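As a plain string of letters, each chain reads:
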Amino acid sequence: MTIKRGLELLRDRKHSKSTAFTKEERAGLGLRGLLPHAISTQDIQMKRILANIARKPSNIERYIFLSALEDRNERIFYKLLIEEIDKLMPIIYTPTVGQVCKEFSHIFRKEKGFFITPDDKGEIEHILYSWPEPDVRVIVVTDGERILGLGDLGVNGMGIPIGKLALYTTAAGIHPHQCLPVMLDVGTNNQELLNDEIYLGYPHERLRGEEYFELVDEFIQAIQKKYPRALIQFEDFLTPNAYDLLHRYKDKILCFNDDIQGTASVALAGIYASQRITKLDFKDLDIMFLGAGSAATGIADLIKEAFIEEGFTEEEASQRLSFIDIDGLLVKGRKNLMTHNRAYAIDAEEMDLITAIKRLKPNVLIGASGAKGAFTKEVIETMGSINERPVLFALSNPTSKAECTAEEAYTYSDGKAIFASGSPFQPVRYKGQEFVPGQGNNAYIFPGIGLAATLCAASTIPDALFLTAAKSLATLVSQDDVDRGNLYPGLKTIRAISTKIAVDVIRHAQELEVAQKELPKDLETYIKKYMYDPTY
Ligand code: NAD
């Protein structure tokens, strides 16, 4: 490796320390005269950056600032994210990333990640050689068709893989050069974007059917050739495609779908933790979903696994779960049931949410519908009237799509609700008590899963590993958190959380014989040693 010097070094984001270069380094590396006199420590640099972030008028401006910081000095960017994850996660990820994606083409500053379009058909393997990193281990890929709850954003959805991979490095210590964000830009059916002359994507209607799957197949094969050890995380695909792709690849290659499997794991962890407050037995829970798409069905599939582990038959497990979608209760008589919904259609007449709550009496109501405000006062009051402590999860992202706010959950249930959300909400004071809403953020799960899969060279990721991750996460919720109604541990400890999940997942992967690499017995030390440390 040639060691860069002078301005070239200062412009190299991997190696620049900017004002932190010491006097000796400045002399030896041709930096004299190129920097102001004072030598900053990394802590002083972080103070300066935090003050600059505070001066920005909006979160999207803060995002742009942080993104530019990453381009200048990768280590200070990650040091800051690791130290200030609770403050910065809402900027680099939900909710701000939603706005970032909407405006991606307009705020575009500098290329990040890898873009593939139908024009690259037949040449994906070849163009992939333009990516300079030889050892990619984690790939997050989207086609931008269902970005958060915001719909088809085409190439603008690239904000999601970029954000998720920043979290991989921050939360699980995956080295930045081992991360690759990918946009499969197959066009968009969002007319507003197609009409926008500034739009940066492939300016055509979406590729569909066989041609679409052929392109994805070609991408997967190209990755298998160039980066055979890489984990592929599917992100924000439209539900039918998300399921098709997952079923196509999950038993063949190292991959998972975060919207389906990661969400499931984090939601199940929340349910396990809620039992410490409700004192209800897991086997006795009835769970209702608002929404029957990839998030809700993914959660239900994993809960079903958990029930089966408790001794239920598949049928008994399914009976504990019910779904309301845009057309009401999911019943057997419904015409055109989607494949992923069939197993959950129940034998009943059609009815709306309120009637279904009164009839089926769920203990847990999980919103993954993208329907803002769907948990109305009446819905929350009804849940409160049939449960001593109703469990309400409003998982839809970003905040503008949440089924209810934290304040509504606590107020309308008269302080009885055990609430968690997809996007963050501030603590709420109600009748003199402080409630801390938990954030059912996938960032609790996917970094640990990815870290485990990478380190043990897993061949595939069986569903059982997501169950393990959920149990692992639930054990990390402190009594103090539970006492304040918070079902998730503090984000500040995210690296410790990912480590614990990775240890448990690796052990289980070894039992299931999907781990292909021998690892030392002391996994915790091994993981800590592997983790990227951006300290100078
Ligand atoms: P999807 O499009 O696959 O499914 C949406 C479902 O909601 C569909 O079944 C639809 O019929 C139903 N729906 C829409 N409007 C409704 C209404 N008014 N009443 C009842 N049902 C309605 O989407 P998805 O991938 O399942 O994601 C749904 C939401 O969950 C998104 O907002 C997404 O951001 C969020 N999500 C959150 C997390 C998390 O917080 N951890 C993870 C993944 C997804």
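These figures come from a predicted structure and were not determined experimentally. (Residues numbered from 1 in each chain as written. Predicted model: local features only at pLDDT ≥ 70, side-chain atom pairs only at ≥ 80, totals over all residues. Heavy atoms only, no water.)

1. A word on the overall build of the chain
Assigned secondary structure in the chain consists of 24 helices and 14 strands. Expected size for 536 residues packed as a compact globule is a radius of gyration near 24 Å; at 23 Å, the chain falls within 12% of this value. Viewed in the frame of its principal axes, the chain has a C-alpha envelope of about 75 × 60 × 55 Å. When each of the 536 residues of the chain is scored for burial, the buried share is 60%. Counted over contacts in the chain with a minimum sequence separation of 6, partners at least 24 positions apart contribute 72%. Counting only carbon and sulfur atoms, one obtains 50% of the accessible surface of the chain, whose full area is about 22,700 Å². Within the chain, the 74 negative side-chain charges are centred at a point lying 7 Å from the centre of the 63 positive side-chain charges. (Helix = DSSP H or I, 4+ residues; strand = E, 2+ residues; numbered from the N terminus. Rg over C-alpha atoms; globule rule 2.2 N^0.38 Å. Buried < 20%, exposed > 50% of the residue type's maximum accessible area, 1.4 Å probe, protein only. Contact = heavy atoms within 4.5 Å. Areas by Shrake-Rupley, 256 points an atom, 1.4 Å probe, with all protein chains shown as cover. Lys, Arg positive; Asp, Glu negative; His and termini not counted. Charge placed at Lys NZ, Arg CZ, Asp CG, Glu CD.)

2. What about the site of the ligand?
Around the ligand lies a shell of 24 residues, among which Arg146, Thr239, Ala292, Ser294 and Asn442 are the nearest. One of the backbone nitrogen or oxygen atoms of glycine 149 is found 3.5 Å away from an oxygen atom of the ligand. Between a nitrogen atom of the ligand and a side-chain N or O atom of asparagine 442, the distance comes to 2.4 Å. Protein contact buries 82% of the 870 Å² of open area that the ligand shows by itself. Of all the elements in the fold, those that place two or more residues in the shell around the ligand are helix 14 (294-309) and strand 7 (321-325). By residue class, the composition of the shell around the ligand is 9 nonpolar, 13 polar and 2 charged. (Near = heavy atom within 4 Å. Polar contact = N/O pair within 3.5 Å; in protein donor to acceptor, adjacent residues only side chain to side chain. Nonpolar A, V, L, I, M, F, W, Y, C, P; charged D, E, K, R; others polar.)

3. Structural notes on the nonpolar core
Considering soluble globular proteins, one finds that nonpolar side chains tend to be buried as a cluster. Counting residues in hydrophobic clusters, the biggest one holds 126 residues, and the most contacted among them are Phe289 and Ile303. When residues in this core are grouped by element, the largest group, 9 residues, is from helix 13 (residues 258-278). Among all residues touching isoleucine 303, those that are not within four sequence positions of it are Leu268, Ile271, Phe282, Ile287, Phe289 and Leu321. Among the nonpolar cores identified, the runner-up in size contains 35 residues, and Ile124, Ile139, Phe213 and Ile260 belong to it. (Core = buried A, V, L, I, M, F, W, Y, C linked by side-chain atoms within 4.5 Å.)

4. Observations concerning the packing of helix 5 (residues 74-83) against helix 9 (residues 159-172)
Axes are the key here: two packed helices are described by the angle between their axes and the distance separating the axes. The N-to-C vectors of helix 5 and helix 9 enclose an angle of 70°; their axes lie 9 Å apart at closest approach. Classified by the interaxial angle, the pair formed by helix 5 and helix 9 is roughly perpendicular. The way helix 5 lies across helix 9 gives a crossing that is right-handed. From helix 5, Tyr78, Leu81 and Ile82 reach across to helix 9, where they touch Ala166, Thr169 and Thr170. Its residues placed into classes, the contact of helix 5 with helix 9 shows 4 nonpolar, 2 polar and no charged. (Axes fitted to C-alpha atoms, helices over the stretch in contact; angles between N-to-C directions. Parallel < 35°, antiparallel > 145°, perpendicular 65-115°, else oblique. Left-handed = near helix turned anticlockwise from the far one by under 90°.)

5. Points about the side chain of serine 413
Locating serine 413 in the fold gives a position in the loop between helix 19 (406-412) and strand 11 (418-421). What serine 413 contacts, discounting residues up to four positions off in sequence, is Ile380 and Glu408.

6. Here we look at the sheet that holds strand 9 (residues 364-367)
Read from one edge to the other, the open sheet built from 7 strands follows the order 8-7-6-9-10-11-14, with strand pairing classed as mixed. For this open sheet the edge positions go to strand 8 (328-329) and strand 14 (438-439), each flanked by a neighbour on one side alone. Direction of pairing for strand 7 relative to strand 8: antiparallel, over a ladder of 2 bridges. Residue isoleucine 324 lies in a different strand from strand 8, and its bridge partner there is leucine 329. Along the sheet, helix 13 contacts strand 6 (287-290), strand 9, strand 10 (391-394) and strand 11; its crossing angle with strand 10, the most-contacted strand, is approximately 155°. Packed on one face of the sheet, helix 17 (residues 353-360) meets strand 6, strand 7, strand 8 and strand 9 and runs near 175° to strand 6. (Pairing = 2+ DSSP bridges.)

7. Some remarks on the side chain of glutamine 275
Looking at the element boundaries, glutamine 275 is found in helix 13. When near neighbours in sequence (up to four residues on either side) are disregarded, glutamine 275 contacts Leu280, Asp281 and Phe282.

8. Remarks on the packing of aromatic side chains
Scanning the model with the defined rule gives 18 aromatic pairs in all. Geometrically, the ring pair formed by tyrosine 78 and tyrosine 532 is edge-to-face, given 5.9 Å between the ring centres and 90° between the ring planes. Of the two residues, tyrosine 78 is situated in helix 5 and tyrosine 532 in the segment after helix 24 (523-530); the sequence distance between them amounts to 454 residues. Here tyrosine 78 falls in the buried class, since its relative accessible area comes to 3%. Overall, tyrosine 532 belongs to the buried group, its relative accessible area being 10%. Pairing phenylalanine 234 with phenylalanine 237 gives two aromatic rings, centres 5.7 Å apart and planes at 75°, and the pair type is edge-to-face. Just as phenylalanine 234 is buried, phenylalanine 237 falls in that class too. Every member of this aromatic cluster is reached through a ring pair, and the members are Tyr272, Phe282, Phe307 and Phe312. Positioned over the ring face of tyrosine 129 is lysine 226, at 4.8 Å from the centre of the ring. (Phe/Tyr/Trp six-rings, centres within 6.5 Å; stacked < 30°, edge-to-face > 60°. Lys NZ or Arg CZ within 6 Å of the ring centre and 35° of its normal.)

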